[in-house]
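# Architecture and fold: a report
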Amino acid sequence: MKREDFMHAFAIVVALVALLLIAMGSAGAATYDATGTWSYTTGGCSPVRPEWVADSGTVEITQSGDSFTMIMDGEESVSGTIAGAVYTATHSNAEESETYVWTLNPPGDSGAGSYTYSCSLGSTTCSFSVNLQGGTSLSGAYNYYVPYYRGDGEYYSSLALRNSSDAETATVTIIVYNQNGSVAQTVSPFTLAAAGQWAAVLLPKITGGWVHVNSTRKLTGLAWVGQLEGGWPTIMADIGLIGTLSSALTVPHVAQKRYQAGGGWDTTVCICNPNSVASTVSLTYVSPEGTVGSPVILEIPMKGSIAYGLDDMFPQNDREGGSVVIAVTPGVAAFALYSDREAASGTCYAGISASVSETSLRGSYDYYLPYYRSDGDYYSSLALRNASQILPATVTITVYNPDGSKAQDVAPFAIGARGQWAAVLSPKINEGWVLVSSTQKLSGLAWIGRLDAAAYPVIMADISLIGALCTRLIVPHMAQIRYPAGGGWDTMICLCNPNSTAVTVSLTCFGTDGSIIGADSVTLAAMGSEAYELSRIIPGNDRGSGSVTLDAAQGIASFALYYDTEAVGGTCYAGIGAVDPDL
């Protein structure tokens, strides 16, 4: 038998390791993602087939639905089908009038190791062992996506994950992908204790990419992308953990503008494609008035990502507001990076989550922003986007003081179909919260920032628009620590109570091992709020990681402000969303 026939045979064997055991998403299912490049060695097949000699090489594997394809050593291609948990391929050799059929029942959910395979060649059966390295075993039923990663130069990306289960451990695997879909790093599977938490800076020194998190239990979490100065973080944007892929998404605010006096805003739309086929993406700008622009069409390779700067869409940098609609098949995860790199110290940096696009009928919708500040050099701004394609939205905004009294009522105003509104809110109060009411569904977010002496923004944290109240929430990361050399982290839990009666909220701090390390409670007035510094629970400032659960008898909204006020320039400032553990 010729070597190419052996390669056909062996490539099929490799493919058979790429097993899809049970339909993805079912509880307790074991899944296997074989897309990527595998290396192999084999010991041959003597004495039945002495011409099948020991060999080694690489196999590139892709799969979609019930089909899989391999390219061996960058040359030969073989395809097959998947039926349940069995991978099968047939290769006919006309010269020898033989048909080779290879099938394999699953050996387990691990892709590395030695296995023995049986291959039928006509009436003859040959068995031989194969050693495989590469591929990624994904044993969990829950998948999460972080659409942007950067780790080159002074930039870094970190990740925080919290096990939502209070009773069972979670096994977690993390894969960092390059923009072209190749694997940059696989973090070996590790265990998260019940209610436990894990946080770390990821390692690949790459300019762009994305992160896939797989878990056997539901997780809450987020990522940060930041930049260091003299070893200390100076800018940091937070990215929420995305658990669902979508074919229609909206970035509810964008700006691409340069001001004559210096400064301005940049927006980069970050999209990852966790599928085993390429995605074609349409990006369409919609003006604040609802006018739809011409789409930009982009291709994302399978398992790949893009970071599309809107200066490519608006080379004149002349858009101060509006939104971007993302249409794509198959579904993706997306996020926008929002920055003012020309500000006085070039440090303003925040994220804008992409919301699932949806239309709505006329109704009543309330949204909550748990923190507001506008005293001194601090400011709070708000951006809202009407989700309806055909109907205008009538919107009312109310800013409340912590005691529940009103600081400001913004007169009702209209946002046209697909339109957008953005403004800096005016009440000069130290703290509070914001209620947004609308006749149509909205997407949007708020920012809390600080201006320098020249009135340019230098720090900014983003707060997503919260559309549902919950009696139990998890803040998936917290840190209250001081470093001997200077610097450190503070965490402030921001709570609002949009109810007509007071409510007591229990705060419980968990260590990374899931143990309780502190607890307290706070009473919120009717329609009131509180900005709770975690130093009240952890007075020693000795916790570099962990999580917080919030429990209340009636629904609340919450958000955490995360900052390093002792860093160089005191500019590191980001948000941490409080997440419903049942989502």
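Residues numbered from 1 in each chain as written. Predicted model: local features only at pLDDT ≥ 70, side-chain atom pairs only at ≥ 80, totals over all residues. Heavy atoms only, no water.

On to the packing of aromatic side chains. A full pass over the atoms with the stated rule returns ten aromatic pairs. Aromatic ring contacts, followed pair by pair, group Tyr-145, Tyr-177 and Trp-210 into a single cluster. It is Arg-150 that lies over the ring of Tyr-155; its NZ or CZ is 3.8 Å from the centre. The ring of Phe-510 has Arg-162 sitting right over it, with the charged end atom 5.0 Å from the ring centre. (Phe/Tyr/Trp six-rings, centres within 6.5 Å; stacked < 30°, edge-to-face > 60°. Lys NZ or Arg CZ within 6 Å of the ring centre and 35° of its normal.)

Attention now moves to the confidence of the model for the chain. The share of residues in the chain with pLDDT of 70 or more is 71%, and the mean pLDDT across the chain is 79. Contacts for the low-pLDDT stretch residues 102–117, under 50 throughout, to residues beyond four places or in other chains number 58 contacts. (pLDDT = per-residue confidence, 0-100. Contact = heavy atoms within 4.5 Å.)

Turning to the sheet that holds strand 9 (residues 142–149), a few remarks are in order. In spatial order, the strands read 9-14-11-12; together these four strands make up an open sheet with antiparallel pairing. Here the strands that pair on one side only, and so sit at the sheet edges, are strand 9 and strand 12 (183–192). The mean angle between the axes of side-by-side strands here comes to 15 degrees, regardless of whether they run parallel or antiparallel. As paired strands, strand 11 (residues 170–178) and strand 14 (residues 209–215) are joined by seven bridges and run antiparallel to one another. Across the sheet, residue Ile-175 finds its bridge partner in strand 14, namely His-212. (Pairing = 2+ DSSP bridges. Helix = DSSP H or I, 4+ residues; strand = E, 2+ residues; numbered from the N terminus. Axes fitted to C-alpha atoms, helices over the stretch in contact; angles between N-to-C directions.)

Moving on to the pattern of salt bridges. For the coordinates displayed, the defined rule picks out eleven salt bridges. Notably, a salt bridge pairs Arg-162 with Asp-166, separated by 3.9 Å at the nearest N-O pair. Residue Asp-166 is classed as partly exposed on the basis of its relative accessible area, which comes to 46%. Measuring nitrogen to oxygen at the nearest pair gives 3.2 Å for the salt bridge that ties Arg-536 to Glu-530. The class of Arg-536 is partly exposed, set by a relative accessible area of 47%. (Salt bridge = Lys/Arg side-chain N within 4 Å of Asp/Glu carboxyl O. Buried < 20%, exposed > 50% of the residue type's maximum accessible area, 1.4 Å probe, protein only.)

Put simply, side chains in a regular strand alternate between the two faces of the sheet. For strand 20 (residues 279–286), the buried fraction is high: seven of the eight residues fall into the buried class. Looking at chain direction, strand 20 and strand 21 (residues 296–300) are connected through five bridges and run antiparallel. For Thr-280, the partnering residue across the bridge sits in strand 21 and is Glu-299. Pairing geometry for strand 20 and strand 24 (residues 323–340), over seven bridges, is antiparallel. By the bridge assignment, Thr-280 is partnered in strand 24 with Thr-329.

In spatial order, the strands read 13-10-15-16; together these four strands make up an open sheet with antiparallel pairing. A single partner strand is all that each edge strand has here, and the edge strands are strand 13 (197–201) and strand 16 (232–240). Pairs of neighbouring strands in the sheet enclose a mean axial angle of 20 degrees, with direction left out of account. By the bridge criterion, nine bridges tie strand 10 (residues 155–163) to strand 15 (residues 219–229) in an arrangement that is antiparallel. Bridge assignment links Asn-163 to a residue of strand 15, and that residue is Leu-219.

Attention now goes to the pairing of strand 15. With nine of its eleven residues buried, strand 15 lies for the most part within the structure. Across eight bridges, strand 15 lies against strand 16 in antiparallel orientation. Within the sheet, the bridge partner assigned to Gly-226 lies in strand 16 and is Met-236. The turn joining strand 15 and strand 16, which pair antiparallel and follow one another in sequence, is formed by two residues; a positive phi near 65 degrees is taken by Gly-230.

According to the stated counting rule, one finds zero disulfides in the structure shown. Here Cys-494 is not disulfide-linked; the sulfur of Cys-496 is the nearest cysteine sulfur, at 9.6 Å. Relative accessible area serves as the criterion here: at 0%, Cys-494 is assigned to the buried category. (Disulfide = S-S within 2.5 Å.)

With that out of the way, let us pick up the nonpolar core. Nonpolar side chains in soluble globular proteins tend to be buried together. In this structure, Tyr-371, Leu-384, Val-395, Ile-397 and Val-436 are the most contacted members of the largest nonpolar core, which totals 33 residues. Per-element accounting of this core gives the leading share, five residues, to strand 27 (residues 365–372). Contacts of Tyr-371, omitting those with residues within four sequence positions, involve Glu-431, Gly-432, Trp-433, Ile-448, Ile-463, Met-492, Cys-494, Ala-531, Phe-559 and Leu-561. Core analysis: the next-biggest nonpolar cluster, separate from the first, contains 32 residues, Leu-473, Val-505, Leu-534 and Ala-574 among them. (Core = buried A, V, L, I, M, F, W, Y, C linked by side-chain atoms within 4.5 Å.)

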